[in-house]
Every structure is written in C-alpha cells, then in structure tokens.
Protein chains: 2
Amino acid sequence: MKALVVGGAGFIGSHLCEALLEAGHEVACLDNFSLGTKHNLRRIMDHRNFRLLAMDASEPDSLKAAFGEIQPDYVFHLAANSDIRASAENPSVEYRNTYTTTYQILQCMREFGVKRLFFSSTSAVYGDKRDVLLDENTPNLAPVSYYGAAKLGSEALISAYSFMNDLSVLVFRFPNVIGPHLTHGAVYDFIRKLKRNPKELEILGDGRQTKPYIYVKDLIKAIMFFMDKVPQGMTTYNVGVEGASSVTGMADMICEEMGLKDVKYNYTGGEGGWKGDVPRFNYCIDKIHAAGWHAEYNSDEAVRRTVQDVLKEMA
Amino acid sequence: MKALVVGGAGFIGSHLCEALLEAGHEVACLDNFSLGTKHNLRRIMDHRNFRLLAMDASEPDSLKAAFGEIQPDYVFHLAANSDIRASAENPSVEYRNTYTTTYQILQCMREFGVKRLFFSSTSAVYGDKRDVLLDENTPNLAPVSYYGAAKLGSEALISAYSFMNDLSVLVFRFPNVIGPHLTHGAVYDFIRKLKRNPKELEILGDGRQTKPYIYVKDLIKAIMFFMDKVPQGMTTYNVGVEGASSVTGMADMICEEMGLKDVKYNYTGGEGGWKGDVPRFNYCIDKIHAAGWHAEYNSDEAVRRTVQDVLKEMA
C-alpha cells in the first residue's frame, strides 16, 4: 500500500512512518518542518520504501502536486499545531496548520479519488467537562482552546466529506501522547528546566492537573490495529489508557529518574497551566477496548518510560 | 449601539439591518455581494444611521480596517454561502465564505475587544438524524453537507474564542428561512420555473422532503428579542416554528397562488433533492419557547406568505 503521512516528521508521525515501513508499506512523508525534524526520521531516511516531501499541506498547489505524484491509497493526517499553549497566544496557527491542512487534504482526496483516511483528533474537542465521563456520545462538545476548536472543525469537515465522497475514515481522539521525539509539554519542559537548574522547578498551575498520558508506541499499535478495520463513513474512538498522572507526580518521577533530591517546586498557581488548559478529564475507553485494543502501558508507566527516553535523547 | 452586520445585504441580513435601524441603532452593513444585493437595501440605503461597506469578510486586511473605523459594539455574522446545493459541487465556497469569515471576524473581535456576537448557524450541523427529535443537547453532530460542516466548525471556533476572550455570543440554529429577498431554494425555484413554463414543474427528489420553514420576519423578531439577553459565553438555540411543509405541498400552494391548474409534476426521484440534502428533520424548540419567544407563523403560513411576497417581487 502507498501511504501518505502528512505531518510525518513530527512526534507521532515519525513513529507512524517507521511502523508503516516495518509492515511493508511504501511511505511518503510530507512535512513543513514547523514542529517536525529530520532528526526524527534518521532511522528511516534511507529506507528504499521511504520518501520525504518537504512542503506545507495548507498550500493547495503543492499538496495537489504531491497527491498527483504519489497517488496514495491511504492518507494519515497528523499535521497540526500540537502546542496548545503556544496557539493560545496566536490562534492563526490553528487556522492554518490544524484546520486548513485538513480542508486541503480532503479537497485532494476528493479530487484524486483517495478513499481512506486516518485523522488524529484530540480530547480537547470535548472542552472543559471535568466532571463528565467523556465517551464518543458525549453531547455539547464545546472546545475552550483554539486547538480543540480547529480539531472539532476538522472532524466536522471529515463528516461531510466522508458522506459526500464515500470515504472510510478512522478518527482517534488522543489524550496526551508522550514518548521519544517529544517536542513540548510538561515532561519535556520539566526535564529541560531541571537540566538548567536542578535546584528549583517552576510548575504551571497548582500541579494538580491530572490527565491520562499514552505512550506513543501504544498509540501507533492502535493505529496499525484499526487502520484496515474501518467501514465506510467516519468511525471515532477515544484512545486512552488506564489511570492518569498529575503534574506534580510527573515532576517527582522526573526528579527521581534524574537522581535529584530536594528540588523546590514553584507553582504559578491556578487550576490550569494556562487559559484554555483543561486541568483534568475522565476518558471512557470502553468502545476501543470492546473493539479489541488495549494499551500496554498505563499512564504512570507511560510517563516513566518517556522520562527515560527523553533523558537518553538529551544525553 | 453601533452594529456591524456582516452579510447585511443578503436575504436575512438585509431584514436585520432594517430592524436594527428601526430600533434606533447605528448600522454598518458589510457585504461582498456574492449573494447579497443593493436592491435588498433600497429602503434603508439613505438612512442617516446606515452605511455600507462593500468588502469581503474573509479578507483580513479589509476586515481589520472596517473594525478599526466602525469600532462596533455588536457584530451580527450572517455572511455565509447559504446555497447548500451549490456548494455540494464546490466545497471551497464554504471554506472561504462560511468558515473563514467566522474565523476572521473572531480574530478582529479579539484584536479590537468587541465582546458581543450574534451567529447564524443551521439545522445542518446535526447531519441526517431524521428519526431523532433534535434539541440543543443532541450528541454526535455529523454534518452531511459541506455547509453544515463549515457552520459546525464555526460554532467550534466561537466556543473557544468565547472562552478565551470573554465574549457573549448568541447562536441560532436556523431551519429553512423564507420570505421577501429570497435568492434560492424550493419556493423561489418553483416560482421561477412556473413563470417560464406554467404547464410542467421539475421537482428535485420525490417531493416528500418535509421540513419546517420559518418566516424571515419571525426570525428577525427572535434575534431582536434575544440579542441583549445573552450571558457571557455561548448560548445556542434551535429556532423553529410549529409544523413542517413538504416540497409537493409547497408546489401545490404556489400553483394555487399563481392560479395554475393541472401542472404536471416531474420528480427527479430519490429521498433528498441532492446529495447532502437532509430530506426531513424534527426540531425541538422547547428551549427557545421556554425563554419567551414563539414564532407568529407556522411553517405552511410562512410558505404561503413567502409565495405572495416573491410573486409581488417578481411582478
């Protein structure tokens, strides 16, 4: 199969490219390198079934040229601004990198008759419903972040394009995803800060923000497991893990792995790390479990492994 | 109050401009005249509190200039491609005229500190849920038209911008709206076709598509009634009427009003008028009734009045 992975040089996309190559597929990786890096692709750059297209999926002309050249069988759309905190200051990045990429990809799929799509959505589409067990049927999706809004808008586009063009689309609503190739987020920030100053650590919010973290390799396994099991239309899953990890708990784990003691935590205060941050959520993952997939690592195990991975990468 | 009505020369917008002027407000009408016309504004064009800005709300530079000049207190966003059938062939018009206008308006509101917004949404955000009584808490919104997708994406944007910038937003999900200044849709098409050929009428679908139609002046009264009653955040209402009208029933009414007998109806067949058309839906309007508003005309009365209006306009 010829796979086009949009955002393929990014944190999650690069792992997906590796997994698709391992499974014997041809992989074209398209990335604008706004968050993705060639370093993430170092292990596969010379693979004979791999090719790299350095371009921006929000640009219709270059995207069309890519579709024409590659004639993909399956598109994996992981391009987005994944740094919610950054876009709180600059929402235009969500309009361009998160929503418009989806729109242009769907336009190309429509034009070139490509029928299969994987789309990376997010728990942020639900908004701040901290006291609700969030399942795929939860009503009143009300994003509080520009990121969540652009992803929910993307899901709406996918719904209409699926119906109008007989697509088969797999949508995963990711929780926090961590692991090797991480570029931002609490685990990454804390390690960087503690490398600079091992005595003190600034923690955004009150440290009690508690969310489920999935290990990126578990997530990739889920994509590979479901990618061929999608009926016509749009199929949505919450992808999640057992348990959840608090921000302070992650800081403790990082200090432990780094061999640091008596680090002083300075909390900036407030419930969320920044405006638009959802401090906690409860994710119902019964649907994906019933469909036959379970994560190997729970949330704390995912954090622990990621700390070890990131420390190795920074060494 | 200084009101900015985006899409103010269109079918619904032009009625709203009139009502706002009558209520003593200053009105700036912004329109790109893709569907709007100066003819719709003929009764208010010379009003001392009215001004017209011929520009496209999807263009950030001109929109910013307009916000800077007008410094509006309240924005009414009615700009959209409202012709769902047309955009089925050309989805890009929804990306630009429906979604991007919302995005650029919200960006300007954020930049200029404008806090109040009215947004015209649609029953099309629900998708094809013909056997469900649709209320504002119905889960799994799954648009089947590009129009519904762009409106649902706009609602998602409004949700995030409201939260991040402390906006107060009133969102109406319109059913079919009809009345003077109509530019397309079954009533308008049928009258035009019958003017050309009073012996036969082509009807898209099987004619049994049955939906609620609201008279535009009822809708305007609802906007005027609720516009100052909105708390901070986003408040959404299904706006609707009692009853529903079938396509064949509307054809019968038009023939009657035009004094035509024995018109032969030629059905193109199929449940919907075109792919992405939702052939029927049931709208729960308890929430807006409980909040104190009722439509004056039921669906068939709205159709009857509109036929008379349109015949008068075409005379």
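Residues numbered from 1 in each chain as written. Chains lettered and ligands numbered in written order. Predicted model: local features only at pLDDT ≥ 70, side-chain atom pairs only at ≥ 80, totals over all residues. Heavy atoms only, no water.

**Some points on empty space enclosed by the protein**
Now for step 1: Evaluation of the coordinates by the stated rule reveals 1 cavity of 30 Å³ or more.
Now for step 2: Looking at the largest cavity, its volume works out to about 40 Å³.
Now for step 3: What lines the largest cavity is simply Y99, Y103, L157 and Y161 of chain A together with P91, E94, Y95, Y146 and A150 of chain B.
Now for step 4: When contributions to the lining of the largest cavity are tallied by element, the ones reaching two or more residues are α4 (92-112) and α5 (146-165) of chain A together with α4 (92-112) and α5 (146-165) of chain B.
Now for step 5: Residue classes in the lining of the largest cavity are distributed as 8 nonpolar, no polar and 1 charged. (1 Å grid on protein atoms, 1.4 Å probe; cavity = no way out; pocket = protein on both sides within 12 Å on 5 of 7 lines; lining within 4 Å. Points joined across faces, edges and corners; volume = space filled by probe spheres on them. Helix = DSSP H or I, 4+ residues; strand = E, 2+ residues; numbered from the N terminus. Nonpolar A, V, L, I, M, F, W, Y, C, P; charged D, E, K, R; others polar.)

**Notes on the confidence of the model for chain A**
Now for step 1: Mean pLDDT over chain A: 96, with 100% of residues reaching 70 or higher.
Now for step 2: Here the complex is predicted with pTM 0.96, and the ipTM for its interfaces comes to 0.95. (pLDDT = per-residue confidence, 0-100.)

**Overview of the packing of aromatic side chains**
Residues and elements named next belong to chain A.
Now for step 1: Overall, the coordinates contain 34 aromatic pairs over all chains when judged by the stated rule.
Now for step 2: With a centroid separation of 6.3 Å and 75 degrees between ring planes, the pair formed by F172 and Y237 is classed as edge-to-face. Of the two residues, F172 sits in strand β7 (residues 168-174) while Y237 sits in strand β12 (residues 233-238), which places them 65 residues apart along the sequence. Comparing F172 with Y237, the two get one shared label, buried.
Now for step 3: Ring-pair connections join several aromatic residues into one group, and the members of that group are Y74, F76, F118, F172, F174, F225, F226 and Y237. (Phe/Tyr/Trp six-rings, centres within 6.5 Å; stacked < 30°, edge-to-face > 60°. Buried < 20%, exposed > 50% of the residue type's maximum accessible area, 1.4 Å probe, protein only.)

**Focus on the sheet that holds β7 of chain A**
Residue and element names in this part refer to chain A.
Now for step 1: Strand order in the open sheet formed by 7 strands is β3-β2-β1-β4-β5-β7-β12, with parallel pairing between adjacent strands. Lying at the two open borders of the sheet, with one neighbouring strand each, are β3 (50-54) and β12. The sheet shows a mean angle of 15 degrees between the axes of neighbouring strands, direction not considered.
Now for step 2: Relative to β3, strand β2 (residues 26-31) runs parallel, the two being bridged by 5 bridges. By the bridge assignment, A28 is partnered in β3 with R51.
Now for step 3: Helix α1 (residues 11-22) rests against β1 (2-6), β2, β3, β4 (74-77) and β7 of the sheet, and its axis sits at about 170 degrees to β1.
Now for step 4: Docked against the sheet, α4 engages β1, β4 and β5 (116-122), running at close to 175 degrees with respect to β4. (Pairing = 2+ DSSP bridges. Axes fitted to C-alpha atoms, helices over the stretch in contact; angles between N-to-C directions. Contact = heavy atoms within 4.5 Å.)

**Section: the interface of chain A and chain B**
Now for step 1: Chain A puts 35 residues into the contact, and the matching count from chain B is 35 residues.
Now for step 2: Interface area, chain A with chain B, both sides summed: about 3000 Å², of which 59% is carbon and sulfur.
Now for step 3: The interface formed by chain A and chain B contains 2 salt bridges.
Now for step 4: K275 of chain B is paired through a salt bridge with D166 of chain A; the nearest N and O atoms lie 3.3 Å apart.
Now for step 5: One can count 22 residue pairs in polar contact (both at pLDDT 80 or more) joining chain A with chain B.
Now for step 6: Those elements giving two or more residues to the side of chain A that touches chain B turn out to be α3 (84-89), α4 and α5 of chain A.
Now for step 7: The biggest single contributor to the side of chain A that touches chain B is α5 of chain A, with 12 residues.
Now for step 8: Taken together, the residues of the side of chain A that touches chain B sort by class into 18 nonpolar, 12 polar and 5 charged. (Buried area = accessible area lost by both parts, 1.4 Å probe. Salt bridge = Lys/Arg side-chain N within 4 Å of Asp/Glu carboxyl O. Polar contact = N/O pair within 3.5 Å; in protein donor to acceptor, adjacent residues only side chain to side chain.)

**Brief notes about the nonpolar core**
Now for step 1: Of all hydrophobic cores here, the largest spans 211 residues; its most connected members are F76 and F172 of chain A together with F76 and F172 of chain B.
Now for step 2: In this view, F76 of chain B contacts M1, A3, L4, V5, V6, L16, L20, F118, I223 and M227 of chain B; residues no more than four positions away in its chain are not counted. (Core = buried A, V, L, I, M, F, W, Y, C linked by side-chain atoms within 4.5 Å.)

**A few points about the pairing of β5 of chain A**
All names here are of chain A.
Now for step 1: The element β5 is extensively covered by neighbouring structure, given that 6 of its 7 residues are classed as buried.
Now for step 2: Examined bridge by bridge, β4 and β5 share 4 bridges and lie parallel to one another. If you follow F76 over to β5, its bridge partner there is F118.
Now for step 3: Across 7 bridges, the pairing between β5 and β7 is parallel. When the bridges of β7 are listed, L117 appears paired with V169.

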